[in-house]
Amino acid sequence: MLFKIEKRPEPSKSMVYLTPIIALALTVLCSIILFEVLGVNPIEALYQFFIAPLNTTYEFSELFVKATPLMLCAIGLSVGFRANVWNIGAEGQLTMGAIVGSSLFIYFPETDSVFLLPAMIILGAVGGAAWAAIPAFFKTRFNANEILTSLMLVYVALLLLSLLIHGPWRDPAGFNFPESQTFSESADMPILIAGTRMHFGTLLALFAVLGAWVMMARTLIGFQVKVIGEAPRAGGYAGFSQKKIIWFSLLFAGALAGVAGLSEVSGPIDQVVPSISPGYGFTAIIVAFLGRLHPVGIFFASLLMALTYLGGETAQINLGLPVAVTGVFQGMVLFFLLACDVLVHYRFRLNIARKAIS
Amino acid sequence: MSGFDWLVPVFLTVITAATPLVFAALGELVTEKSGVLNLGVEGMMLVGAVSGFITVLATGNYFLAVGAAALAGAIMAFLFGILTLSLMANQVATGLALTLFGVGLSALMGQDFVGEPVAALTKLNIAGLSDIPFIGPILFGQDALVYFSFIMVAVVSWFLYKTKAGLVLRAVGDSHNAAHSIGYPVIAIRYMAVMFGGAMSGIGGAYLSLAYTPMWAENMTAGRGWIALALIVFATWKPGLVLVGAYMFGGITILQLHAQAAGLNVPSQVLSMLPYLATIIVLVLISKDESRIRKHAPACIGKIFHPAA
């Protein structure tokens, strides 16, 4: 081989920040090829994907609307990933949060109390956390792999939503459409800026970013998460309970994903529908990694991934590109990021350089 | 005899539901035996499904289609190999990335073909034998891939436990450092195991789009790749038990169809939850015995190999 991969004595700090940028550059490069194959002018396509969605203030605010659920889910997931707890069921926890949270409105639609929305948000968090508690229980009690159990529960949650919305939750005045009645004003997320769809959920997401930042940097539980993730044995000697961290990271992620689900149904969607999220819970996995599992990084990564959703829609309308391009694009970002991560811990050396010179 | 005739279609549908799981789980089993955990089964199955489907639409040749599906799956697995084996990326994260990428890529590849029907894979029909009541259609009335899946179970068991190459593969999975110091090419062996897994997942996916429901729909695997991963744990990494598990899950999947046909008054969504719930229950029951898992699981699974020399 021409190159030799050599372990760095210490992980490279600069590469930690550089690799997301390299990965994005490679993704753009690859998507140029992809657009050529699809028969679209790549410059035009990239413009429609990344610039056109930000042309107006309204569109700019949409970026935050889309980034809100991503941010909430990814912040939760990142804590687990730090601790080597692989919860990949955020999509299901999001769905359960939406179901449990909105149940309050569905069963008491006449309520106009100011406490309705706060109660719904809390119930949303409880619903998501309860759904995440199932893999946590099975993992800590029976050693069952949380990757598989949390993912299976995504399908169960989606089917449960379908069951409710095709049955008891269907709006009686809704011409038999599988939709609930639209939420009343007191069940709606307040709009932050008039004329946009930016809602209170965005503030919750920003609060989660700040809260997670403080938690990971300044609190004992944040420290325990990091130690258990990087050196489980050392954590054990320090008396940190692995089970406690598993419970904590799953409940934390579930609660945030639940809030994300509730803020979708009582925010931009405004009713319960069969499909609440276009895969935010899965894209959040990419967001978490792209943001280097750090709250501030996640903030920016979620805006970027939100942009790919908007760009996908713009490109579909203006260029007739299939929506699936967004998914390919998101997958590529994560792929390249993981590939570039080798640069953080290893460096490449020319294998034959010296011999060739002498 | 006629009293049991209703069982024949039940058995036939169980077989078609189980076959994709047999392929995917068997391939991933070999991958895992070499010490690599590839969580991208779902993505590889989807890309295999759409590649096979497009090939049949274009050529009408099912043999080519299955080959294309296997190739597509192997290429996806090769990408996974580059990342995890050569660039030493985290296997869990890379597997997730492969699935997310596969979902998007297959949707993009198949967008023009959604809903287009193709003829289902033809079933064997041996005059005389296939007409025997009851056992005829079940034993002698399947499509070629069903027989192939059984052959592959035998081949994989034989390879893993009766050949030197299989022994080396298991050694690499149990202790890559020891295998490396004896002089076995750990990375090359893992590449082959990973790509075999990808090819098998691709065929499993193609079975869905060519035989189970002969059409293409986005995300048509509906979590079967993940169920295949769970099956391996259930089977404690034994090929024969993978077969048993796959047929058990095939049975649960089919239960919903027949329960509805029988007029059982249960919402369809509840019945559709069954395979997923069953997966969770089975995982819990099997994983409970930690020592048993540890005894059978390849010791190096998921660990990164970097030759110090």
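Because the structure is predicted, anything quoted here is derived from the model rather than measured. (Residues numbered from 1 in each chain as written. Chains lettered and ligands numbered in written order. Predicted model: local features only at pLDDT ≥ 70, side-chain atom pairs only at ≥ 80, totals over all residues. Heavy atoms only, no water.)

1. Examining the overall build of chain B
We count it as follows: Only runs of H or I of at least four residues qualify as helices and only runs of E of at least two qualify as strands under DSSP, and these elements are numbered from the N terminus. The globule rule used here is 2.2 Å times the number of residues to the 0.38 power, and the radius of gyration it is set against is calculated over C-alpha atoms.
Helices and strands together make up the secondary structure of chain B, namely 13 helices and zero strands. The N-to-C order of helical and strand elements in chain B reads α-α-α-α-α-α-α-α-α-α-α-α-α. Here the C-alpha radius of gyration of chain B, 20 Å, is about what a compact globule of 309 residues would show, namely 19 Å. For chain B, the spread of C-alpha atoms along the three principal axes comes to 65 × 45 × 40 Å.

2. What to know about the pattern of salt bridges
All names here are of chain A. Definition in use: By convention in these notes, a salt bridge is any Lys or Arg side-chain nitrogen within 4 Å of a carboxyl oxygen on Asp or Glu. For each residue, the accessible area found with a 1.4 Å probe, counting protein chains only, is set against the maximum for its type, and the residue is called buried under 20%, exposed over 50%, and partly exposed in between.
Applying the stated rule across the entire model yields five salt bridges over all chains. The partner of E6 in a salt bridge is R347, and the shortest N-O contact between them spans 3.5 Å. A residue pair is termed long-range when its members are at least 10 positions apart, and E6 in strand 1 (residues 3-7) and R347 in strand 2 (residues 346-350) qualify at 341 residues. Given a relative accessible area of 23%, E6 falls into the partly exposed group.

3. Looking at the packing of helix 2 (residues 41-59) of chain B against helix 4 (residues 91-110) of chain B
Residues and elements named next belong to chain B. Applied cut-off: Think of each axis as a best-fit line through the C-alpha atoms, taken over the contacting stretch in the case of a helix, with angles from 0 to 180 degrees between the N-to-C directions. Should an angle lie under 35 degrees it is considered roughly parallel, over 145 roughly antiparallel, and from 65 to 115 roughly perpendicular; all remaining angles are considered oblique. Helix crossings fall into two classes, left-handed where the near helix is turned counterclockwise from the far one by less than a right angle and right-handed where it is turned clockwise. Note on definitions: a residue-residue contact is assigned when non-hydrogen atoms from the two residues lie within 4.5 Å.
In the contact formed by helix 2 and helix 4, the axes pass within 7 Å of each other and the chain directions differ by 20 degrees. For the element pair helix 2 / helix 4, the angle class is roughly parallel. Seen along the crossing, helix 2 lies across helix 4 with a hand that is left-handed. Between helix 2 and helix 4, the contacting residues are V41, E42, G43, M44, L46, V47, V50, S51 and I54 on the first element and L98, T99, G102, V103, L105, S106, M109 and G110 on the second.

4. Focus on the interface of chain A and chain B
So the rule is basically this: Buried area is calculated as the accessible area (1.4 Å probe) missing from two parts once they are joined, with the contributions of both summed. Within 3.5 Å is the distance limit for a polar contact, defined as a pair of N or O atoms, with the added protein rule that one can donate a hydrogen and the other accept it, and that residues adjacent in sequence qualify only through two side-chain atoms.
Residue-level contacts link 41 residues of chain A with 43 residues of chain B. Taking both partners together, chain A and chain B bury about 3,700 Å²; carbon and sulfur atoms supply 85% of that area. The largest share of the area that chain A buries against chain B comes from A:L148, A:M152 and A:F335, three residues that together contribute 19% of it. Run the count over chain A and chain B and you get three residue pairs in polar contact (both at pLDDT 80 or more). Of all the elements in the fold, those that place two or more residues in the side of chain A that touches chain B are strand 1, helix 5 (116-142), helix 6 (146-166), helix 11 (280-290), helix 13 (324-340) and strand 2 of chain A.

5. Points about the packing of aromatic side chains
Residue and element names in this part refer to chain B. Note the following rule: Two rings belonging to Phe, Tyr or Trp (six-membered ring only in the last case) form a pair when the distance between their centres is within 6.5 Å. Interplanar angles under 30 degrees mark stacking, angles over 60 mark edge-to-face geometry, and anything in between is tilted.
Tallied over the entire structure, the rule returns 22 aromatic pairs over all chains. With a centroid separation of 5.9 Å and an interplanar angle of 50 degrees, the aromatic rings of F150 and Y247 are classed as tilted. One end of the pair, F150, is in helix 6 (residues 144-162); the other, Y247, is in helix 11 (residues 239-261), and 97 residues separate them in sequence. F150 sits in the partly exposed class, given a relative accessible area of 38%.

6. Notes on the UniProt feature "transmembrane region" (unreviewed entry) in chain B
Residue and element names in this part refer to chain B. Stated formally: UniProt positions are given in the numbering used here, feature names are shortened, and annotations may be inferred rather than shown by experiment.
Following the UniProt record, one finds the feature "transmembrane region" (unreviewed entry) at residues 6-27, 39-58, 64-85, 92-109, 144-161, 182-210 and 266-286. Here residues 182-210 runs as 90% helix and 0% strand, with 45 Å between its end C-alpha atoms. Summarising residues 266-286: 90% helix, 0% strand, and an end-to-end C-alpha distance of 29 Å.

7. Regarding the side chain of A:S102
Tracing the backbone through its elements, the reader meets A:S102 in helix 4 (residues 90-107). Classification of A:S102 as buried rests on a relative accessible area of 0%.

8. Concerning the environment of A:V225
Residue and element names in this part refer to chain A. When you line up the elements, V225 lands in helix 8 (residues 220-230). Given a relative accessible area of 0%, V225 falls into the buried group. Along the chain, V225 and I246 lie 21 residues apart, while their C-alpha atoms are 9.0 Å from each other. Discounting chain neighbours no more than four positions away, the residues touching V225 are V79, R82, A83, M216, I245 and F248.

9. Quick look at a nonpolar patch on the surface
So the rule is basically this: Patch membership needs two things, relative accessible area over 30% and no salt bridge, and members are linked within 9 Å if like-charged or within 5 Å if nonpolar (Val, Leu, Ile, Met, Phe, Trp, Tyr). Here the open area of atoms and residues is found with the Shrake-Rupley method and a 1.4 Å probe, where only the protein chains shown may cover a residue.
A surface patch of nonpolar side chains, about 380 Å² in accessible area, is lined by B:F148, B:I151, B:V155 and B:W158. The class of B:I151 is partly exposed, set by a relative accessible area of 47%.

10. Remarks on helix 11 of chain B
Residues and elements named next belong to chain B. Basically, it comes down to this: In a helix, the anticipated span is given by 1.5 Å times the number of residues less one. Given a residue, its bend is the angle between the two axes fitted to the seven residues that end at it and to the seven that start from it.
Under the 1.5 Å per step criterion, the end-to-end length of helix 11 is 33 Å for 23 residues, consistent within 8% with the ideal 33 Å. The largest bend along helix 11 reaches roughly 30 degrees and is located at L255. Within the span of helix 11, buried status applies to P239, V242, L243, G245, A246, Y247, F249, G250, T253, I254, Q256 and A259. Against the buried residues of helix 11 lie helix 1 (7-33), helix 6, helix 9 (186-212), helix 10 (224-234) and helix 12 (268-287). G263 sits one or two positions beyond helix 11 and adopts a positive phi of about 80 degrees.

11. Points about the nonpolar core
To keep things clear, this is the line we draw: What makes a nonpolar core is a set of buried Ala, Val, Leu, Ile, Met, Phe, Trp, Tyr and Cys residues whose side-chain atoms join them at distances within 4.5 Å.
Residues A:F81, A:F289, B:W226 and B:Y247 are the most contacted members of the largest nonpolar core, which totals 211 residues. Judged by nonpolar contacts, the second largest core, of 15 residues, contains A:V85, A:A136, A:F240 and A:I246.

12. Focus: the side chain of B:E28
Residue and element names in this part refer to chain B. Under the convention used in this document: Neither His nor the chain ends is counted toward charge; the positive residues are Lys and Arg and the negative residues Asp and Glu.
When you line up the elements, E28 lands in helix 1. Buried and unpaired, E28 has R190 as its nearest opposite-charge partner, separated by 12 Å. Those residues within four positions of E28 in sequence are excluded, and the remaining contacts are V36, L37, N38, V41, G197, L229 and I232.

13. A short note on the confidence of the model for chain B
Quick note on the threshold: Confidence of the predictor at the level of single residues is given by pLDDT, which spans 0 to 100.
Per-chain confidence: chain B averages 87 in pLDDT, with 95% of residues scoring 70 or above. For this predicted complex, the interface score ipTM comes out at 0.89, alongside a pTM of 0.90.

14. Overview of the packing of helix 7 (residues 200-218) of chain A against helix 12 (residues 295-319) of chain A
Residue and element names in this part refer to chain A. For clarity, the threshold we go by: Gly is placed with the polar residues, together with every amino acid not listed as nonpolar (Ala, Val, Leu, Ile, Met, Phe, Trp, Tyr, Cys and Pro) or charged (Asp, Glu, Lys and Arg).
Running from N to C, helix 7 and helix 12 cross one another at 155 degrees; their axes reach a closest spacing of 8 Å. When the axis of helix 7 is compared with that of helix 12, the two are roughly antiparallel. On helix 12, the residues that touch L206, V209, A212 and W213 of helix 7 are P295, V296 and F299. The residue makeup of the contact of helix 7 with helix 12, split by class, is seven nonpolar, no polar and no charged.

15. Some remarks on the confidence of the model for chain A
Detailed reading of the predicted coordinates is not advisable wherever pLDDT is low. Across chain A, the average pLDDT comes to 89, with 97% of residues at 70 or higher. Per-element confidence in chain A ranges from a low mean pLDDT of 49 for helix 15 (residues 353-357) of chain A to a high of 96 for helix 5 of chain A.

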